[in-house]
Amino acid sequence: WENAHAELWENAHAELRGNAHAVLRGNAHARSFDNAIVRALSAAVLIVAFHYSTVVCQDCKPKIEKHGSCVTIVRTKQMMHTVKTFCDTVTMRKGKVVLYKSVRPDTRCDFYTGRIKYEGVVDCPDWDANPEIECGNGLPLSPTPGMALSYNRGLVLECEVSPKDIAVYAPNVTKVRCRRVNVIGEYKGESA
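Residues numbered from 1 in each chain as written. Predicted model: local features only at pLDDT ≥ 70, side-chain atom pairs only at ≥ 80, totals over all residues. Heavy atoms only, no water.

**Q** An account of the overall build of the protein is needed here, citing residue identities and associated values.
**A** Summing up its helical and strand segments, the protein has two helices and 17 strands in all. With the C-alpha coordinates of the protein rotated into their principal frame, the extents come out at 60 × 30 × 30 Å. Across the 192 residues that make up the protein, the buried fraction comes to 41%. (Helix = DSSP H or I, 4+ residues; strand = E, 2+ residues; numbered from the N terminus. Buried < 20%, exposed > 50% of the residue type's maximum accessible area, 1.4 Å probe, protein only.)

This is the structure in structure tokens:
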């Protein structure tokens, strides 16, 4: 209800009211009312929509039982990013991309292996620029401190990376993989 947010997977079911919104995958089912927003990511999704609710169909054609003329249906495709489109949306400083990394506060090492220390210039030991790789073969950094913290709750470092040292996994830019990172220091901004 109201401003709630939910992700529904497999055979989950939800009723959305007010300004609630949900993302539906698999065989999920939702009934939306008032100003609720439903985002469908699977053709197997079933949506019953009422009042002024909005249904966003992303890369699929779900079954929509639309009741009333005030329901809005939007058909769209997922944004598939490149290094250029990613760089168009992030902070740049003197030709470098500003990115963030959450590290272990006591060692400044990564959470995954505990062996890569983020000080000065850091090079990835197993770099692969293939954009079809989502995880691994790169140093993962995020475009905002909050996104970095969503992967691991630690000390956030501000870094600079040359665009030529970034690999972007097209459907997800909450993190990118980097070949070489220049650690500027601890992030001093507001809490994320």
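**Q** If you had to explain the nonpolar core to someone new, which residues and values would you point to?
**A** Judged by nonpolar contacts, the single largest core of 22 residues is most densely connected at Phe86, Leu99, Leu139, Ile166, Cys178 and Val181. Elements with a minimum of two residues in this core: α1 (83–87), β11 (96–103), β13 (139–141), β14 (155–161), β16 (176–178) and β17 (180–186). Sorting elements by how many residues they give to this core places β14 first, with four residues. Among the nonpolar cores identified, the runner-up in size contains 18 residues, and Leu16, Val38, Val45 and Val71 belong to it. (Core = buried A, V, L, I, M, F, W, Y, C linked by side-chain atoms within 4.5 Å.)

**Q** Any chance you could break down the sheet that holds strand β15 (residues 166–167) for me, citing the residues and the numbers?
**A** Here three strands make up an open sheet; going across it, the order is β13-β16-β15 and the pairing antiparallel. On the outer flanks of this sheet lie β13 and β15, each paired with one strand and no other. As judged from the three bridges shared by β13 and β16, these two strands associate in the antiparallel manner. Note on β16: the bridge partner recorded for Pro140 is Arg177. (Pairing = 2+ DSSP bridges.)

**Q** Pulling in residues and values, what's your account of unusual backbone geometry?
**A** The general pattern is negative phi for most residues beyond glycine and trans for most peptide bonds. Positioned with a positive phi, Asp34 is a non-glycine residue whose angle comes to about 55°. Summarising the element assignment, Asp34 is placed in the loop between β4 (29–32) and β5 (37–40). A relative accessible area of 31% places Asp34 in the partly exposed class. The phi angle at Asp59 is positive, at roughly 60°, despite the residue not being glycine. Take Asp59: it is sitting in the loop between β7 (54–58) and β8 (63–66).

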